[in-house]
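The lines below spell out each chain.
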Amino acid sequence: MNKIITFGLLLSAFLGNAQAFNGKGDKKFQVGANFQDHATGIMATYDYGIGENMSIGGYTTYLLGVDGDGSKFEDRFDLKARFNANIGNVMGLPENFDIYPGLDLGLRNFGGHLGGRYFFTNGFGLFTEFNIPIAKYESDVFGYEHLNNQFVFSFGASFNL
């Protein structure tokens, strides 16, 4: 029994050292799955801390499963620049949990996102993110143009670099 308690204390101390956002110079890489109407795909993000609670980075996605399978590469691919306000510490959350609302400017639209990440260790965690378009470049999107101009839910793994 003492071995189990000791192991639990060591494990909690190890997990307690994980930080979700360290401020200026912090680097995060995330990879996961995204889900939206009529398509599913893979996505990746990179964020670089430029201040105590701010980061900039990039977001890319490629849709693998599309209903109606007549789409081209350019219909399935999207690339965005992004800005995050990392507010986990402002909200008084534990060090290993962060919430980050933000804005992104992409090939298809100007949008916003709300995400959260939880780190189990200093290098590995999980994230979830919701993306919405705020302003579409074309006011009347139709067909495959709708693929990257809608609400998207993503989740996956987050890594400290």
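Structure report, in brief. Here the residue index of a chain counts from 1 through its sequence in written order. Per-residue local features of the predicted model are confined to residues with pLDDT of at least 70, and side-chain atom pairs are confined, for both listing and counting, to 80 or more; whole-chain, interface and lining totals are unaffected and use all residues. Computation of side-chain values covers all heavy atoms of the structure but excludes hydrogens and water.

In this description a helix means any DSSP run of H or I spanning at least four residues, a strand means any run of E spanning at least two, and both kinds are numbered starting from the N terminus. Across its full length, the protein holds 2 helices and 8 strands. In the protein, the succession of α and β elements from N to C terminus is α-β-β-β-α-β-β-β-β-β. Residue exposure (1.4 Å probe, protein chains only): buried if accessible area is under 20% of the type maximum, exposed if over 50%, otherwise partly exposed. Relative to its full complement of 161 residues, the protein shows a buried share of 39%. It only takes one pair of heavy atoms within 4.5 Å for two residues to be counted as in contact. Looking at the protein alone, contacts between residues at least 24 apart form 55% of all its contacts between residues at least 6 apart. Residue burial considers only the protein chains on display, and all accessible areas are found by Shrake-Rupley using a 1.4 Å probe. Working note: accessible area of the protein is about 8,700 Å², and carbon and sulfur atoms make up 69% of it.

Turning our eyes to something else, we now look at the sheet that holds strand S8 (residues 152-160). Adjacent strands of a sheet pair through backbone hydrogen bonds, lying either parallel or antiparallel. Two strands are counted as paired when DSSP detects at least two bridges linking them. Taken together, the 8 strands give a closed barrel; going around it, the order is S1-S2-S3-S4-S5-S6-S7-S8, and neighbouring strands pair in antiparallel fashion. Put simply, the sheet's adjacent strands are angled 25 degrees from each other on average, direction ignored. Here strand S6 (residues 109-119) pairs with strand S7 (residues 124-136) via 11 bridges, running antiparallel. Pairing of Tyr118 across the sheet is with Leu126, part of S7. Orientation is described by axes fitted as lines to C-alpha atoms, over the contacting stretch for helices, and by angles from 0 to 180 degrees between their N-to-C directions.

With that out of the way, let us pick up the environment of Gly58. Here Gly58 shows up in strand S3 (residues 54-66). Relative accessible area serves as the criterion here: at 24%, Gly58 is assigned to the partly exposed category. Apart from the residues lying within four places of it in its own chain, the contact partners of Gly58 are Ala44, Thr45, Tyr46, Lys80 and Arg82.

A separate point is the pattern of salt bridges. Salt bridge, as used here: a side-chain nitrogen of Lys or Arg that lies within 4 Å of a carboxyl oxygen of Asp or Glu. Following the criterion strictly, the structure yields 5 salt bridges and no others. Asp26 serves as the salt-bridge partner of Lys28, at 2.6 Å between the closest nitrogen and oxygen. One exposure class covers both Lys28 and Asp26, and it is buried. Ionic pairing is found between Lys80 and Asp104, a salt bridge with its closest N-O pair at 3.7 Å. With Lys80 in strand S4 (residues 77-85) and Asp104 in strand S5 (residues 97-106), the pair connects residues that are 24 residues apart, well separated along the chain.

Turning our eyes to something else, we now look at the environment of Glu129. Take Glu129: it is sitting in strand S7. Considering only alpha carbons, one finds Glu129 and Phe153, 24 residues apart in sequence, at a separation of 5.9 Å. Of note is the side chain of Glu129, whose polar atom sits 2.8 Å from the side chain of Tyr100. N or O atoms within 3.5 Å of each other form a polar contact, as long as, within protein, one can give a hydrogen and the other can take it, and as long as residues adjacent in sequence are counted only when both atoms are side-chain atoms.

This part takes up a nonpolar patch on the surface. Residues enter patches when they are more than 30% accessible in relative terms and free of salt bridges; like-charged ones are connected within 9 Å and nonpolar ones (Val, Leu, Ile, Met, Phe, Trp, Tyr) within 5 Å. A surface patch of nonpolar side chains, amounting to about 750 Å² of accessible area, comprises Phe29, Val31, Tyr46, Tyr48, Ile50, Met54, Ile56, Phe83 and Leu161. Only strand S1 (27-36), strand S2 (39-49) and S3 provide two or more residues apiece to the nonpolar patch. Considering the arrangement of structural elements, one finds Ile56 in strand S3. Since its relative accessible area comes to 39%, Ile56 is described here as partly exposed.

Bringing the packing of aromatic side chains into the picture now. Here the aromatic set is Phe, Tyr and Trp, taking the six-membered ring for Trp, and pairing holds for ring centres within 6.5 Å; pairs whose planes are under 30 degrees apart are stacked, those over 60 apart are edge-to-face, and all others are tilted. All chains considered together, the criterion is met by 12 aromatic pairs. Here the aromatic rings of Tyr118 and Phe120 are separated by 5.1 Å at their centres, their planes lie at 75 degrees, and the arrangement is edge-to-face. Tyr118 gets classed as partly exposed once you look at its relative accessible area, which sits at 35%. With a relative accessible area of 32%, Phe120 lands in the partly exposed category. Joined through ring pairs, the aromatic side chains of Phe29, Phe97, Tyr118, Phe120, Phe124 and Phe159 make up one cluster. When the NZ atom of lysine or the CZ atom of arginine is within 6 Å of a ring's centre and also within 35 degrees of its normal, the charge is said to sit over that ring. Above the ring of Tyr100, the side-chain terminus of Arg117 is found at 4.4 Å from the ring centroid.

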